[in-house]
Number of protein chains: 2
Amino acid sequence: MHAGLLGKLSATLRCLPGVGPKSAQRMMLHLLQRDRAGAEKLAHTLLEALQKVGHCQMCRTLTENGICNICQSSERDPSLLCIVESPSEMMAISGSTVYQGLFFVLNGKLSPLDGIGPKELGIPMLETRLASGKITEIILATNTTVEGEATAHYLGELAQKMGIRTTRLAYGMPYGGEIEYVDGVTLAHAFNLRKVI
Amino acid sequence: MHAGLLGKLSATLRCLPGVGPKSAQRMMLHLLQRDRAGAEKLAHTLLEALQKVGHCQMCRTLTENGICNICQSSERDPSLLCIVESPSEMMAISGSTVYQGLFFVLNGKLSPLDGIGPKELGIPMLETRLASGKITEIILATNTTVEGEATAHYLGELAQKMGIRTTRLAYGMPYGGEIEYVDGVTLAHAFNLRKVI
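Reference entry: report on the structure contained in this document. Counting from 1, residues in each chain are numbered in the order their sequence is written. In the order they appear in the text, chains get letters beginning with A and ligands get numbers beginning with 1. This being a predicted model, a pLDDT of at least 70 is required before a residue's local features are given, and a value of 80 or more before pairs of side-chain atoms are given or counted; all residues contribute to the totals for chains, interfaces and linings. To obtain the side-chain values, all non-hydrogen atoms of the structure were included, while hydrogens and water were left out.

Before going further, it helps to spend a moment on the overall build of chain A. On a plain count of helices and strands, chain A comes out with eight helices and six strands. Computed over C-alpha atoms, the radius of gyration of chain A comes to 21 Å, more than 25% over the 16 Å expected from 2.2 N^0.38 for 197 residues, which places it beyond the range of a compact globule. Its C-alpha atoms give chain A principal-axis dimensions of about 60 × 45 × 35 Å. Buried means the residue's accessible area, taken with a 1.4 Å probe over protein chains only, is under 20% of the maximum for its type, while exposed means over 50%, and partly exposed covers the values in between. Considering chain A as a whole, with its 197 residues, one finds that 42% of them fall into the buried category. Contacts are assigned to residue pairs with any non-hydrogen atoms lying within 4.5 Å of each other. Relative to all contacts within chain A whose residues are 6 or more apart in sequence, the contacts with residues 24 or more apart total 48%. Charge assignment in this entry is limited to Lys and Arg as positive and Asp and Glu as negative, and neither His nor the chain termini are counted. Every charge is mapped to an atom, namely NZ of Lys, CZ of Arg, CG of Asp or CD of Glu. Charge centroids of chain A, computed over 19 positive and 18 negative side chains, lie 6 Å from each other. By the criteria applied, helices consist of DSSP H or I runs no shorter than four residues and strands consist of E runs no shorter than two, each listed in order from the N terminus. Atoms considered for the radius of gyration are the C-alpha atoms alone. The globule rule reads 2.2 Å times the number of residues to the power 0.38.

What follows is the structure, encoded as C-alpha coordinates:
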(Lines give C-alpha, C1' and ligand atoms only; values in the text may rest on other atoms or scores of the structure.)
Protein backbone atom coordinates (compact mmCIF):
# COMPACT_ATOMS: atom_id res chain seq x y z
CA MET A 1 0.00 0.00 0.00
CA HIS A 2 2.83 2.44 0.78
CA ALA A 3 6.11 2.75 -0.99
CA GLY A 4 9.51 3.04 0.60
CA LEU A 5 10.36 3.00 4.25
CA LEU A 6 6.77 3.50 5.50
CA GLY A 7 5.66 0.44 3.56
CA LYS A 8 8.64 -1.53 4.78
CA LEU A 9 7.91 -0.63 8.42
CA SER A 10 4.24 -1.60 8.00
CA ALA A 11 5.25 -4.93 6.47
CA THR A 12 7.79 -5.59 9.21
CA LEU A 13 5.25 -4.91 11.98
CA ARG A 14 3.22 -7.79 10.56
CA CYS A 15 5.76 -10.22 12.05
CA LEU A 16 3.88 -9.60 15.33
CA PRO A 17 1.21 -12.23 16.02
CA GLY A 18 -2.36 -11.08 15.35
CA VAL A 19 -1.29 -7.99 13.40
CA GLY A 20 -2.78 -7.60 9.91
CA PRO A 21 -2.24 -4.83 7.34
CA LYS A 22 -4.66 -2.34 8.96
CA SER A 23 -3.24 -2.75 12.48
CA ALA A 24 0.28 -2.57 11.12
CA GLN A 25 -0.48 0.75 9.41
CA ARG A 26 -2.08 2.08 12.59
CA MET A 27 0.93 1.02 14.64
CA MET A 28 3.35 2.56 12.16
CA LEU A 29 1.53 5.91 12.16
CA HIS A 30 1.17 5.88 15.94
CA LEU A 31 4.86 5.22 16.47
CA LEU A 32 6.06 7.79 13.94
CA GLN A 33 3.52 10.51 14.75
CA ARG A 34 2.95 10.18 18.49
CA ASP A 35 5.48 7.98 20.23
CA ARG A 36 8.92 8.22 18.71
CA ALA A 37 10.53 7.81 22.13
CA GLY A 38 8.57 4.60 22.72
CA ALA A 39 9.47 3.31 19.27
CA GLU A 40 13.14 3.92 19.86
CA LYS A 41 13.01 2.18 23.22
CA LEU A 42 11.15 -0.74 21.65
CA ALA A 43 13.79 -1.15 18.93
CA HIS A 44 16.67 -1.07 21.39
CA THR A 45 14.96 -3.41 23.87
CA LEU A 46 14.22 -5.87 21.07
CA LEU A 47 17.86 -5.89 19.98
CA GLU A 48 19.03 -6.27 23.58
CA ALA A 49 16.60 -9.15 24.21
CA LEU A 50 17.57 -10.90 20.97
CA GLN A 51 21.18 -10.71 21.98
CA LYS A 52 20.83 -11.70 25.64
CA VAL A 53 17.75 -13.94 25.98
CA GLY A 54 18.38 -17.65 25.50
CA HIS A 55 17.12 -20.89 27.00
CA CYS A 56 17.65 -21.88 30.63
CA GLN A 57 20.24 -24.67 30.89
CA MET A 58 18.09 -26.48 33.46
CA CYS A 59 14.50 -26.13 32.26
CA ARG A 60 14.76 -24.69 28.72
CA THR A 61 12.49 -21.71 29.37
CA LEU A 62 13.41 -18.27 28.01
CA THR A 63 15.78 -16.35 30.25
CA GLU A 64 18.52 -13.76 30.06
CA ASN A 65 20.53 -15.66 32.69
CA GLY A 66 22.15 -19.04 32.10
CA ILE A 67 19.77 -20.54 34.66
CA CYS A 68 16.33 -18.98 35.15
CA ASN A 69 15.02 -17.47 38.40
CA ILE A 70 12.69 -20.39 39.10
CA CYS A 71 15.42 -23.04 38.71
CA GLN A 72 17.72 -20.91 40.88
CA SER A 73 15.11 -20.37 43.60
CA SER A 74 15.77 -22.12 46.92
CA GLU A 75 12.10 -21.70 47.91
CA ARG A 76 10.73 -24.16 45.39
CA ASP A 77 10.36 -27.92 45.93
CA PRO A 78 13.08 -29.61 43.84
CA SER A 79 11.37 -33.03 44.02
CA LEU A 80 8.44 -31.95 41.81
CA LEU A 81 8.85 -31.37 38.09
CA CYS A 82 6.05 -29.97 35.96
CA ILE A 83 6.50 -30.55 32.22
CA VAL A 84 4.96 -27.99 29.86
CA GLU A 85 5.05 -27.30 26.13
CA SER A 86 6.08 -23.63 26.17
CA PRO A 87 7.35 -20.77 28.34
CA SER A 88 3.89 -19.10 28.23
CA GLU A 89 2.37 -22.17 29.93
CA MET A 90 5.14 -22.15 32.52
CA MET A 91 4.38 -18.47 33.16
CA ALA A 92 0.64 -19.19 33.52
CA ILE A 93 1.27 -22.00 36.03
CA SER A 94 3.95 -20.19 38.01
CA GLY A 95 1.68 -17.14 38.09
CA SER A 96 -1.18 -19.10 39.68
CA THR A 97 0.88 -19.93 42.83
CA VAL A 98 -0.82 -23.36 43.23
CA TYR A 99 2.39 -25.10 42.23
CA GLN A 100 5.70 -24.57 44.00
CA GLY A 101 7.92 -27.14 42.29
CA LEU A 102 10.24 -26.83 39.30
CA PHE A 103 9.53 -26.89 35.57
CA PHE A 104 10.77 -28.42 32.35
CA VAL A 105 9.85 -26.73 29.07
CA LEU A 106 9.68 -28.91 25.93
CA ASN A 107 9.47 -25.92 23.56
CA GLY A 108 7.20 -27.98 21.34
CA LYS A 109 5.41 -31.31 21.27
CA LEU A 110 6.13 -34.65 19.63
CA SER A 111 5.20 -34.40 15.97
CA PRO A 112 7.08 -36.96 13.85
CA LEU A 113 5.59 -35.63 10.59
CA ASP A 114 7.19 -32.22 11.27
CA GLY A 115 10.46 -33.89 12.26
CA ILE A 116 9.99 -33.08 15.95
CA GLY A 117 11.14 -36.06 18.00
CA PRO A 118 12.42 -36.54 21.56
CA LYS A 119 15.76 -34.89 20.78
CA GLU A 120 14.18 -31.61 19.60
CA LEU A 121 12.16 -31.47 22.84
CA GLY A 122 15.25 -31.85 25.04
CA ILE A 123 14.13 -35.24 26.31
CA PRO A 124 17.70 -36.63 26.64
CA MET A 125 18.35 -33.68 29.00
CA LEU A 126 15.16 -34.53 30.89
CA GLU A 127 16.20 -38.20 31.20
CA THR A 128 19.53 -37.20 32.72
CA ARG A 129 17.67 -35.05 35.18
CA LEU A 130 15.21 -37.80 36.10
CA ALA A 131 18.09 -40.27 36.48
CA SER A 132 19.73 -38.02 39.09
CA GLY A 133 17.17 -39.34 41.59
CA LYS A 134 16.20 -35.92 43.00
CA ILE A 135 12.78 -35.91 41.37
CA THR A 136 10.00 -37.97 42.96
CA GLU A 137 7.05 -36.85 40.83
CA ILE A 138 6.56 -35.47 37.35
CA ILE A 139 3.37 -33.62 36.50
CA LEU A 140 2.47 -33.78 32.82
CA ALA A 141 0.94 -30.42 31.90
CA THR A 142 1.04 -30.64 28.11
CA ASN A 143 -2.04 -29.38 26.28
CA THR A 144 -5.06 -31.60 25.75
CA THR A 145 -4.55 -31.81 21.99
CA VAL A 146 -3.67 -34.96 20.07
CA GLU A 147 0.04 -34.12 20.02
CA GLY A 148 -0.05 -32.94 23.64
CA GLU A 149 -1.63 -36.23 24.73
CA ALA A 150 0.87 -38.26 22.68
CA THR A 151 3.75 -36.33 24.25
CA ALA A 152 2.31 -36.89 27.75
CA HIS A 153 1.93 -40.62 27.01
CA TYR A 154 5.54 -40.88 25.82
CA LEU A 155 6.88 -39.01 28.87
CA GLY A 156 4.67 -41.03 31.20
CA GLU A 157 6.13 -44.31 29.95
CA LEU A 158 9.65 -42.93 30.28
CA ALA A 159 9.15 -41.85 33.89
CA GLN A 160 7.38 -45.04 34.89
CA LYS A 161 10.31 -47.10 33.55
CA MET A 162 12.47 -45.12 35.96
CA GLY A 163 10.00 -45.70 38.77
CA ILE A 164 9.01 -42.05 39.12
CA ARG A 165 5.44 -41.21 40.10
CA THR A 166 3.72 -39.59 37.12
CA THR A 167 0.58 -37.46 37.22
CA ARG A 168 -1.48 -35.58 34.62
CA LEU A 169 -3.55 -32.44 35.21
CA ALA A 170 -7.21 -33.28 35.91
CA TYR A 171 -9.81 -33.08 33.15
CA GLY A 172 -13.25 -31.68 33.81
CA MET A 173 -15.43 -28.59 33.78
CA PRO A 174 -13.54 -25.29 33.94
CA TYR A 175 -14.44 -23.47 37.17
CA GLY A 176 -17.08 -20.84 36.45
CA GLY A 177 -17.82 -22.53 33.12
CA GLU A 178 -21.42 -22.90 32.02
CA ILE A 179 -22.46 -26.39 30.99
CA GLU A 180 -24.30 -24.98 27.99
CA TYR A 181 -21.07 -23.67 26.48
CA VAL A 182 -18.69 -26.49 27.37
CA ASP A 183 -17.64 -28.68 24.44
CA GLY A 184 -18.72 -32.30 24.16
CA VAL A 185 -15.35 -33.93 24.85
CA THR A 186 -14.87 -31.92 28.06
CA LEU A 187 -18.39 -32.77 29.13
CA ALA A 188 -17.76 -36.47 28.46
CA HIS A 189 -14.61 -36.34 30.61
CA ALA A 190 -16.48 -34.51 33.36
CA PHE A 191 -19.13 -37.28 33.38
CA ASN A 192 -16.71 -40.18 33.23
CA LEU A 193 -14.53 -38.77 36.01
CA ARG A 194 -17.44 -37.63 38.21
CA LYS A 195 -16.92 -37.79 41.96
CA VAL A 196 -19.11 -38.90 44.87
CA ILE A 197 -19.79 -35.96 47.18
CA MET B 1 4.64 -9.96 35.73
CA HIS B 2 8.15 -10.93 34.59
CA ALA B 3 11.40 -9.69 35.95
CA GLY B 4 14.36 -8.48 33.93
CA LEU B 5 14.66 -8.16 30.22
CA LEU B 6 11.57 -10.26 29.39
CA GLY B 7 9.43 -7.98 31.54
CA LYS B 8 11.04 -4.91 30.01
CA LEU B 9 10.37 -6.16 26.48
CA SER B 10 6.73 -6.94 27.38
CA ALA B 11 6.31 -3.46 28.85
CA THR B 12 7.94 -1.80 25.86
CA LEU B 13 5.67 -3.63 23.38
CA ARG B 14 2.75 -1.93 25.09
CA CYS B 15 3.73 1.34 23.40
CA LEU B 16 1.95 -0.16 20.35
CA PRO B 17 -1.68 0.96 20.06
CA GLY B 18 -4.24 -1.65 21.13
CA VAL B 19 -1.68 -3.87 22.85
CA GLY B 20 -2.41 -4.79 26.49
CA PRO B 21 -0.38 -6.95 28.89
CA LYS B 22 -1.60 -10.31 27.50
CA SER B 23 -0.95 -9.41 23.86
CA ALA B 24 2.42 -7.94 24.77
CA GLN B 25 3.46 -11.19 26.46
CA ARG B 26 2.23 -13.19 23.47
CA MET B 27 4.19 -10.95 21.10
CA MET B 28 7.33 -11.17 23.23
CA LEU B 29 7.22 -14.98 23.35
CA HIS B 30 6.44 -15.23 19.65
CA LEU B 31 9.35 -12.99 18.68
CA LEU B 32 11.88 -14.66 20.98
CA GLN B 33 10.73 -18.26 20.41
CA ARG B 34 9.63 -18.33 16.80
CA ASP B 35 10.67 -15.28 14.83
CA ARG B 36 14.01 -13.89 15.90
CA ALA B 37 14.82 -12.90 12.32
CA GLY B 38 11.58 -10.93 12.06
CA ALA B 39 12.22 -9.28 15.42
CA GLU B 40 15.68 -8.18 14.37
CA LYS B 41 14.37 -6.80 11.09
CA LEU B 42 11.60 -4.98 12.97
CA ALA B 43 14.07 -3.35 15.37
CA HIS B 44 16.37 -2.19 12.57
CA THR B 45 13.50 -0.95 10.37
CA LEU B 46 12.09 0.99 13.33
CA LEU B 47 15.42 2.68 13.96
CA GLU B 48 15.87 3.46 10.26
CA ALA B 49 12.34 4.91 10.01
CA LEU B 50 12.80 7.00 13.17
CA GLN B 51 15.95 8.45 11.70
CA LYS B 52 14.76 9.07 8.15
CA VAL B 53 10.99 9.67 8.25
CA GLY B 54 9.93 13.26 8.75
CA HIS B 55 7.17 15.53 7.51
CA CYS B 56 6.75 16.57 3.88
CA GLN B 57 7.76 20.22 3.41
CA MET B 58 4.75 20.82 1.19
CA CYS B 59 1.86 18.90 2.78
CA ARG B 60 3.18 17.85 6.20
CA THR B 61 2.43 14.13 5.76
CA LEU B 62 4.96 11.53 6.88
CA THR B 63 7.64 10.81 4.31
CA GLU B 64 11.26 9.76 4.08
CA ASN B 65 11.85 12.28 1.29
CA GLY B 66 11.85 16.05 1.81
CA ILE B 67 8.75 16.24 -0.39
CA CYS B 68 6.35 13.28 -0.53
CA ASN B 69 5.48 11.27 -3.64
CA ILE B 70 2.02 12.81 -3.95
CA CYS B 71 3.29 16.41 -3.80
CA GLN B 72 6.02 15.50 -6.32
CA SER B 73 3.64 13.78 -8.71
CA SER B 74 3.03 15.53 -12.04
CA GLU B 75 -0.16 13.50 -12.59
CA ARG B 76 -2.18 15.14 -9.83
CA ASP B 77 -4.25 18.31 -10.21
CA PRO B 78 -2.35 21.12 -8.40
CA SER B 79 -5.42 23.37 -8.28
CA LEU B 80 -7.28 21.14 -5.78
CA LEU B 81 -6.19 20.91 -2.14
CA CYS B 82 -7.79 18.43 0.27
CA ILE B 83 -7.19 19.25 3.93
CA VAL B 84 -7.13 16.32 6.38
CA GLU B 85 -6.27 15.85 10.04
CA SER B 86 -3.71 13.05 9.76
CA PRO B 87 -1.58 11.01 7.35
CA SER B 88 -3.86 7.98 7.82
CA GLU B 89 -6.80 9.96 6.41
CA MET B 90 -4.66 11.14 3.52
CA MET B 91 -3.76 7.49 2.87
CA ALA B 92 -7.43 6.44 2.97
CA ILE B 93 -8.43 9.17 0.49
CA SER B 94 -5.48 8.73 -1.85
CA GLY B 95 -6.13 4.96 -1.75
CA SER B 96 -9.73 5.39 -2.91
CA THR B 97 -8.69 6.99 -6.26
CA VAL B 98 -11.77 9.27 -6.34
CA TYR B 99 -9.58 12.30 -5.69
CA GLN B 100 -6.64 13.27 -7.87
CA GLY B 101 -5.63 16.61 -6.33
CA LEU B 102 -3.07 17.45 -3.67
CA PHE B 103 -3.27 17.28 0.14
CA PHE B 104 -2.47 19.27 3.22
CA VAL B 105 -2.14 17.43 6.54
CA LEU B 106 -2.88 19.38 9.73
CA ASN B 107 -1.46 16.67 12.01
CA GLY B 108 -4.12 17.54 14.58
CA LYS B 109 -7.20 19.71 14.96
CA LEU B 110 -7.87 23.07 16.60
CA SER B 111 -8.14 22.50 20.33
CA PRO B 112 -7.36 25.70 22.28
CA LEU B 113 -7.67 23.92 25.66
CA ASP B 114 -4.82 21.59 24.70
CA GLY B 115 -2.79 24.52 23.37
CA ILE B 116 -3.30 23.50 19.75
CA GLY B 117 -3.86 26.62 17.67
CA PRO B 118 -3.38 27.52 13.99
CA LYS B 119 0.41 27.60 14.32
CA GLU B 120 0.63 23.98 15.57
CA LEU B 121 -1.47 22.86 12.60
CA GLY B 122 0.82 24.54 10.07
CA ILE B 123 -1.86 27.02 9.03
CA PRO B 124 0.64 29.87 8.33
CA MET B 125 2.26 27.47 5.82
CA LEU B 126 -1.18 26.73 4.35
CA GLU B 127 -1.96 30.48 4.05
CA THR B 128 1.27 31.07 2.10
CA ARG B 129 0.29 28.22 -0.19
CA LEU B 130 -3.23 29.55 -0.71
CA ALA B 131 -1.83 33.07 -1.35
CA SER B 132 0.32 31.73 -4.19
CA GLY B 133 -2.83 31.69 -6.34
CA LYS B 134 -2.34 28.19 -7.74
CA ILE B 135 -5.16 26.65 -5.72
CA THR B 136 -8.73 27.18 -6.90
CA GLU B 137 -10.60 24.91 -4.46
CA ILE B 138 -9.98 23.55 -1.00
CA ILE B 139 -11.87 20.46 0.15
CA LEU B 140 -12.29 20.28 3.93
CA ALA B 141 -12.01 16.62 4.90
CA THR B 142 -11.58 16.97 8.65
CA ASN B 143 -13.53 14.50 10.80
CA THR B 144 -17.13 15.12 11.76
CA THR B 145 -16.32 15.64 15.43
CA VAL B 146 -16.73 18.91 17.35
CA GLU B 147 -13.05 19.84 16.93
CA GLY B 148 -13.02 18.63 13.32
CA GLU B 149 -16.04 20.83 12.53
CA ALA B 150 -14.50 23.83 14.32
CA THR B 151 -11.28 23.35 12.36
CA ALA B 152 -13.23 23.12 9.09
CA HIS B 153 -15.16 26.28 9.96
CA TYR B 154 -11.93 28.18 10.73
CA LEU B 155 -10.28 27.04 7.50
CA GLY B 156 -13.42 27.78 5.50
CA GLU B 157 -13.47 31.41 6.68
CA LEU B 158 -9.77 31.76 5.89
CA ALA B 159 -10.17 30.47 2.33
CA GLN B 160 -13.29 32.50 1.65
CA LYS B 161 -11.47 35.69 2.70
CA MET B 162 -8.94 34.84 -0.02
CA GLY B 163 -11.73 34.19 -2.49
CA ILE B 164 -11.01 30.47 -2.84
CA ARG B 165 -13.91 28.08 -3.41
CA THR B 166 -14.33 25.94 -0.31
CA THR B 167 -16.16 22.63 -0.09
CA ARG B 168 -16.82 20.09 2.65
CA LEU B 169 -17.31 16.33 2.23
CA ALA B 170 -21.01 15.41 2.00
CA TYR B 171 -22.89 14.15 5.06
CA GLY B 172 -25.36 11.30 4.75
CA MET B 173 -25.89 7.57 4.94
CA PRO B 174 -22.76 5.46 4.47
CA TYR B 175 -23.10 3.37 1.31
CA GLY B 176 -24.18 -0.15 2.26
CA GLY B 177 -25.22 1.10 5.70
CA GLU B 178 -28.43 -0.19 7.21
CA ILE B 179 -30.81 2.49 8.46
CA GLU B 180 -31.45 0.45 11.61
CA TYR B 181 -27.82 0.79 12.68
CA VAL B 182 -27.08 4.37 11.60
CA ASP B 183 -26.77 6.85 14.48
CA GLY B 184 -29.33 9.60 15.01
CA VAL B 185 -27.15 12.55 13.97
CA THR B 186 -26.22 10.91 10.67
CA LEU B 187 -29.87 10.05 10.06
CA ALA B 188 -30.89 13.66 10.80
CA HIS B 189 -28.30 14.91 8.28
CA ALA B 190 -29.47 12.37 5.71
CA PHE B 191 -33.05 13.64 6.10
CA ASN B 192 -32.20 17.35 6.07
CA LEU B 193 -29.97 16.99 3.00
CA ARG B 194 -32.29 14.62 1.12
CA LYS B 195 -32.39 14.92 -2.67
CA VAL B 196 -35.15 14.88 -5.25
CA ILE B 197 -34.73 11.90 -7.56
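That covers the picture; the talk isn't over yet.
Superposition of the copies used a least-squares fit over C-alpha atoms from residues whose pLDDT is at least 70 in both. Mapping chain B onto chain A is achieved by rotating through 180° and translating by 0.0 Å along the same axis, at an RMSD of 0.0 Å. With respect to symmetry, the two chain copies, as superposed, fit the operation of a two-fold axis. Minimal C-alpha separation from the rotation axis in chain B is found for B:Ala43, amounting to 2.1 Å. When you check the interface residues of chain B against chain A, 100% turn up at the interface there too, and the contact is symmetric in its surfaces.

Looking now at the state of the cysteines. All names here are of chain B. Note that a disulfide, as used here, is simply two cysteine sulfur atoms within 2.5 Å. Enumeration according to the criterion identifies zero disulfides over all chains in this entry. We note that Cys-68 lacks a disulfide partner, and the nearest cysteine sulfur, in Cys-59, lies 3.7 Å from it. The class for Cys-68 is buried, based on a relative accessible area of 4%. Just so you know, Cys-71 is unpaired, no disulfide at all, and the nearest cysteine sulfur is the one on Cys-59, 3.7 Å from it.

All names here are of chain B. A strand pair is defined by DSSP finding two or more bridges across the two strands. Where strand β5 (residues 137–140) and strand β6 (residues 165–168) come together, four bridges link them in parallel fashion. Directly across from Ile-138, in β6, lies its bridge partner Thr-166. With the strands aimed away from the viewer, a crossover counts as right-handed if its path from the first strand over the helix to the second runs clockwise. Each parallel crossover has a hand, and for β5 linked through helix α7 (residues 146–161) to β6 it is right-handed.

With that out of the way, let us pick up the interface of chain B and chain A. Each partner contributes to the interface: chain B provides 50 residues, whereas chain A provides 50 residues. In total, chain B and chain A occlude about 4,700 Å² of area from one another, counting both sides; carbon and sulfur atoms represent 76% of this. For salt bridges, the criterion is a side-chain nitrogen of Lys or Arg within 4 Å of an Asp or Glu carboxyl oxygen. Counting every contact that joins chain B to chain A gives two salt bridges. One salt bridge in this structure joins A:Lys8 and B:Glu48, with 3.3 Å as the shortest N-O distance. Elements supplying a minimum of two residues to the side of chain B that touches chain A: α1 (4–13), α2 (21–34), α3 (36–52), β1 (54–55) and α5 (87–96) of chain B. Ranked by residues supplied to the side of chain B that touches chain A, first place goes to α3(B) with 15 residues. Only Asp, Glu, Lys and Arg are considered charged in this grouping, and only Ala, Val, Leu, Ile, Met, Phe, Trp, Tyr, Cys and Pro are considered nonpolar; every other residue, Gly among them, is considered polar. Tallied by class, residues from the side of chain B that touches chain A come to 26 nonpolar, 15 polar and nine charged. When two components associate, each loses some accessible surface as probed by a 1.4 Å sphere; the sum of these losses over both components is called the buried area.

Attention shifts here to the pattern of salt bridges. Inspection of every chain in the model, using the stated rule, returns 10 salt bridges over all chains. A salt bridge links A:Lys109 to A:Glu85, with the nearest nitrogen and oxygen atoms 3.8 Å apart. In this pair, A:Lys109 is assigned in the loop between β4 (101–105) and α6 (123–131) and A:Glu85 in the loop between β3 (77–84) and α5 (87–95), connecting sequence segments 24 residues apart. Taking the relative accessible area as the measure of exposure, A:Lys109 reaches 30% and is therefore partly exposed. It is possible to trace a salt-bridge network through shared partners that takes in A:Lys8, B:Glu48 and B:Lys52.

The subject of this paragraph is the nonpolar core. We call a set of buried residues a nonpolar core when its members are Ala, Val, Leu, Ile, Met, Phe, Trp, Tyr or Cys and they connect through side-chain atoms within 4.5 Å of each other. A:Leu13, A:Leu16, A:Leu32, B:Leu13, B:Leu16 and B:Leu32 are the most contacted members of the largest nonpolar core, which totals 44 residues. Elements represented by at least two residues in this core include exactly α1 (4–13), α2 (21–34) and α3 (36–52) of chain A together with α1, α2 and α3 of chain B. When neighbours within four sequence positions are excluded, B:Leu32 is seen to be in contact with A:Ala49, A:Leu50, A:Val53, A:Leu62, B:Leu6 and B:Leu9.

Residue and element names in this part refer to chain A. Residues other than glycine seldom take positive phi values, yet Thr-97 does so here, at roughly 65°. Classification of Thr-97 as exposed rests on a relative accessible area of 56%. Of note, Asn-107 is a non-glycine position whose phi angle comes to about 55°, a positive value. For Asn-107, a relative accessible area of 24% corresponds to the partly exposed category.

Let us look at the packing of aromatic side chains. All names here are of chain A. Pairing of aromatic side chains here covers Phe, Tyr and the six-membered ring of Trp, requires ring centres within 6.5 Å, and sorts the geometry by plane angle: under 30 degrees stacked, over 60 edge-to-face, intermediate tilted. Summed over the entire model, instances satisfying the criterion amount to two aromatic pairs over all chains. Relative to Phe-103, the ring of Tyr-99 lies with its centre 5.3 Å away and its plane at 75°, an arrangement referred to as edge-to-face. Take Tyr-99 and Phe-103: they sit in the same class, and that class is buried.

For sheets, the rule is that strands pair by backbone hydrogen bonds, running either parallel or antiparallel. Residues and elements named next belong to chain A. Spatially, β4-β3-β5-β6 is the arrangement adopted by the four strands of the open sheet, whose pairing is parallel. Strands at the two margins of the open sheet, each flanked by one partner only, are β4 and β6 (165–168). Going across the sheet, the axis of each strand differs from the next one's by a mean of 25°, ignoring polarity. Taken together, the four bridges between β3 and strand β5 (residues 137–140) define a ladder with parallel strand orientation. When the sheet's bridge partners are listed, Leu-80 is paired in β5 with Glu-137. Here, axes are lines fitted to C-alpha atoms. For helices the fit covers the stretch in contact, and angles between N-to-C directions go from 0 to 180 degrees. In this fold α5 packs onto β3 and β4, with an angle of close to 165° to the strand it touches most, β4. In the packing of α6 onto the sheet, the strands contacted are β3, β4 and β5, and the crossing angle to β4 comes to about 155°.

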